[in-house]
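Breakdown of the fold
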Amino acid sequence: MTTDTPAPILEVENLTKIFGSLVANDQVSFSVQKGHVHCLLGENGAGKSTLAKCIYGASRPDGGTIKFKGKEAAFSSPRDAIRQGIGMVHQHFVLAEPMNAVENIVVGEEGAGTLLHIEAERAKIQGLCQQYGLNLDLNVPVSRLSVGQQQWVEILKALYVGVDLLLLDEPTAVLTPQEVESLFSIVRKMVESGISVILITHKMHEVMTISDRVTILRKGKVIDTVNTKDNTRASLAKMLVGREFDFVVHKEKVARGEPVLEIQDVSALRDNRSQALKDVSLTVHRGEILGLAGVSGNGQPELFDALVGVRPLQSGRLRLNGIDITNMSPSEIVHRGLASVPQDRLKQGLIPEFTIEENLILGIHGVQPYCKRSVLNFKEIKEFARKSIAAFEIKASGPEQIVHQLSGGNLQKVILAREISHPIQAMVVSSPTRGLDINATYYVYGRFLELLKSGVGILMISEDLDEIFNVSDRIAVIYNGRIMGVFEAGEVSREKIGLLMAGVEEDDHS
Ligand SMILES: Nc1ncnc2c1ncn2[C@@H]1O[C@H](COP(=O)(O)OP(=O)(O)O)[C@@H](O)[C@H]1O
Ligand SMILES: [Mg+2]
């Protein structure tokens, strides 16, 4: 370390955290300078959240030391950490939904509970909103605020208490690009007023945009801590995955063929009977990926469910390869050639306590050669499983391994192997690479491209704009259950898509 760097506010030394046989944090050491934005960069499962929880007192390390403001700290609880000046905003917010922002912020503080007290604190919170440029309605239940605004409430909680260090765990995962920008402007203002920020992310461009320094974690270990300005996206990626990485999806031009999956004026309800989809129309052609962008909760899971036959339509029609599949059973739809990869792989796509080979024939178990005269042919099934494991490079002990023991990337490969190992017409995928490491991600994209070449059409639902722009031929946006527009991927900007994701229509810049 050079001598002109300011004093560290946080020093982590040899921190180790073990879950059973898994070393989630392995002798992690790094320090955060006062007034810096310090990123923790690592792929899913690298140990970032575990590390943050140890720092914040929500989890007990098994070894190592944490020094805060020069003094050794062992916070016994998050409450203890906050009292001493460390706050954290979690991936999943912990707000009381029926209460308004002021009540959420003040509750839990000493002296809280009386209405008078809450009213007295309103002015202080208003002052913070002004200081940070937050246009926030303090009077409505937080359930009525947008996701971005709910995140502001979480941040305000920490600012209200007056923390010196704030940890943000993957704060951008739930935000539109515009919301990310306003979050980053809040972060910059915090730093100006002397607060240090640890921002956890797996996105290289966020590190490049916002941070002063970055610690790269891989499989629980620190690879390095470096100054951001001395690095590039490529140099960070190299540390992240351990080798040179080529970000480009090498996409050969595949001719767009005839429509293969037609969604026509589809309306449907959520489980709670609220309107999920309103007159949704989309057409997926052979040889193309139609990306469906949108912030989570805007009707995407209901559209997926409607397509695979598990959610009834109020109105509208679905056609696959010209055949009306509206109201067909899920298995009939599969047999007609619609493959699907759900977002929640373990809940919807696989049976966790079944083996790989059993999961590989789910839905196709009635088909030859796996089944003859209603008798399962175990030899064929095992052979299919062996071939799939080899072809998809599934890391497993063998066909008989139970799937819930597999990592996210390998679960995804099991589903893909099953879904595309028989002839298909079209495929609907939801967040296909969420939780996958970079290698597995590009492997999945490679498989998609092969499918396109064989004339399959793919509807790709994703909340990740990088993914949408990386692989889509056309891009549609869904907001509040409606399609906001459909564009050629090369002819539309991220800003435009971002605005539509937030529900802002053409010429409506309010
Ligand atoms: N409470 C827990 N019990 C067992 N294993 C856990 C627990 N929390 C996290 N892990 C494991 O520790 C590893 C690191 O997880 P995590 O810190 O959440 O990673 P990241 O935030 O970088 O995605 C993962 O393999 C995860 O499955
Ligand atoms: Mg995490």
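The structure displayed is predicted, hence computed values, not measured ones.

1. Quick notes on the nonpolar core
Grouped together as the largest cluster of nonpolar side chains are 71 residues, with contacts concentrated most on Val 414, Ala 426, Met 427, Ile 458, Leu 459, Met 460 and Val 477. With residues up to four places along the chain from it excluded, the contact list for Leu 459 reads Leu 261, Val 284, Leu 290, Leu 292 and Val 428. Judged by nonpolar contacts, the second largest core, of 66 residues, contains Ile 66, Val 142, Leu 156 and Ala 158.

2. Observations regarding the site of ligand 1
Around ligand 1, a shell composed of Phe 19, Leu 22, Ala 24, Gly 42, Asn 44, Gly 45, Ala 46, Gly 47, Lys 48, Ser 49 and Thr 50 is seen. Contributions of two or more residues to the shell around ligand 1 are made by strand S2 (22–33) and helix H1 (48–56). Broken down by class, the residue content of the shell around ligand 1 amounts to four nonpolar, six polar and one charged.

3. A word on the environment of Arg 188
Summarising the element assignment, Arg 188 is placed in helix H6 (residues 177–192). Its 13 C-beta neighbours within 10 Å are what place Arg 188 among the partly exposed residues. Between the C-alpha atoms of Arg 188 and Val 37, which are 151 residues apart in sequence, the distance is 8.2 Å.

4. Looking at the sheet that holds strand S14 (residues 315–320)
Overall, antiparallel pairing links the four strands, which are arranged S12-S11-S14-S15 in an open sheet. The two strands at the open ends of the sheet, each matched to only one other strand, are strand S12 (275–285) and strand S15 (323–324). Running at roughly 60° to S12, helix H9 (residues 300–308) makes contact with strand S11 (259–269), S12 and S14 of the sheet.

5. A few points about the domain arrangement of the chain
Domain annotation of the chain identifies domain 1 (8–241) and domain 2 (259–337 + 423–501). If you average the C-alpha positions of domain 1 and of domain 2, the two centres end up 33 Å apart. Contacts between domain 1 and domain 2 engage eight residues on the former and 11 residues on the latter. Tallied by class, residues from the side of domain 1 that touches domain 2 come to four nonpolar, three polar and one charged.

6. Description of the pairing of S11
Bridge analysis of S11 against S12 gives seven bridges, and the strand direction is antiparallel. If you follow Glu 262 over to S12, its bridge partner there is Thr 283. Here S11 folds back onto S12, and the loop between the two strands holds five residues, one of which, Arg 273, carries a positive phi near 75°. Sheet topology note: the S11/S14 ladder contains five bridges and is antiparallel. Note that in S14 the partner of Ser 267 across the bridge is Ser 315.

7. Here we look at the pairing of strand S3 (residues 37–41)
Across the five residues that make up S3, a large majority, five, are buried. Note: S3 against strand S8 (residues 196–201), five bridges, orientation parallel. What sits directly across from Cys 39, in S8, is Leu 199. Here S3 pairs with strand S9 (residues 213–218) via four bridges, running parallel. Looking across to S9, one finds that Leu 41 is bridged to Ile 216.

8. Looking at the environment of Tyr 132
Looking at the element boundaries, Tyr 132 is found in helix H4 (residues 115–132). Look at Tyr 132 and you get buried, because 20 C-beta atoms sit within 10 Å. In sequence terms Tyr 132 and His 92 are 40 residues apart; their C-alpha atoms lie 22 Å from each other. Once you skip the residues sitting within four places of it in the chain, Tyr 132 turns out to touch Ile 186 and Lys 189.

9. Let's talk about the sheet that holds strand S13 (residues 289–293)
Read from one edge to the other, the open sheet built from six strands follows the order S16-S19-S20-S13-S21-S22, with strand pairing classed as mixed. The sheet is open, and its two borders are formed by strand S16 (338–341) and strand S22 (482–488), each paired with just one other strand. For this sheet, the mean inter-axis angle between neighbouring strands, taken without regard to orientation, is 15°. In this sheet, S22 lies alongside strand S21 (residues 474–479) in antiparallel orientation, the contact comprising six bridges. Paired with Arg 474 across the bridge in S22 is Glu 488. Strands S13, S16, strand S19 (426–430), strand S20 (457–462) and S21 of the sheet are contacted by H9, whose axis makes an angle of about 150° with S19. The strands touched by helix H14 (residues 408–420) within the sheet are S16 and S19, with S16 carrying the most contacts at an inclination of about 175°.

10. A look at the packing of H14 against helix H15 (residues 438–453)
Two elements in contact, H14 and H15, have axes separated by 10 Å at closest approach and are oriented at 10°. The orientation of H14 with respect to H15, classified from their angle, is roughly parallel. For the pair H14 and H15, contact is made by Gly 409, Gln 412, Leu 416 and Ile 420 and by Ala 440, Val 444, Arg 447 and Leu 451, respectively. Split by residue class, the contact of H14 with H15 holds five nonpolar, two polar and one charged.

11. Remarks on helix H8 (residues 233–241)
Taken together, the buried positions of H8 are occupied by Leu 236, Ala 237 and Leu 240. Seen from one end, H8 has its buried residues packed into an arc of 100°, which puts them on one side. Packed against the buried residues of H8 are S3, helix H7 (204–210) and S9. Looking one or two places after H8, you find Gly 242, whose phi comes out positive at around 85°.

What counts and how
- Sequence order as written defines the numbering, with residues in each chain counted from 1.
- All chains are assigned letters beginning at A, and all ligands numbers beginning at 1, according to the order in which they are written.
- Residues qualify for local features only when their pLDDT is at least 70, as the model is predicted, and side-chain atom pairs are given and counted only at 80 or more; totals for whole chains, interfaces and linings, by contrast, use all residues.
- We define the nonpolar core as any set of buried residues of the types Ala, Val, Leu, Ile, Met, Phe, Trp, Tyr and Cys, connected via C-beta atoms lying within 7 Å of each other.
- Once C-beta atoms are placed from the backbone, each residue is buried if 20 or more other C-beta atoms lie within 10 Å of its own, exposed if 12 or fewer, and partly exposed for counts between those two.
- Our contact criterion uses C-beta atoms placed from the backbone: two residues qualify when those atoms are within 7 Å.
- By definition, a residue lies near a molecule or strand when the C-beta atom built from its backbone is within 6 Å of it.
- Each helix is a run of H or I in the DSSP string that is no shorter than four residues. Each strand is a run of E no shorter than two, and both are numbered from the N terminus.
- Classification convention: Asp, Glu, Lys, Arg as charged; Ala, Val, Leu, Ile, Met, Phe, Trp, Tyr, Cys, Pro as nonpolar; all other residues, Gly among them, as polar.
- At least two bridges found by DSSP between two strands are what make those strands a pair.
- Axis definition: a line fit to C-alpha positions, over the contact stretch in the case of helices; interaxial angles, taken between N-to-C directions, run 0 to 180 degrees.
- All domain edges in this entry derive from an automatic or database-based domain assignment.
- An angle below 35 degrees is read as roughly parallel, one above 145 as roughly antiparallel, one from 65 to 115 as roughly perpendicular, and any other as oblique.
- Our arc is simply the arc of the directions from the helix axis toward the C-beta atoms.

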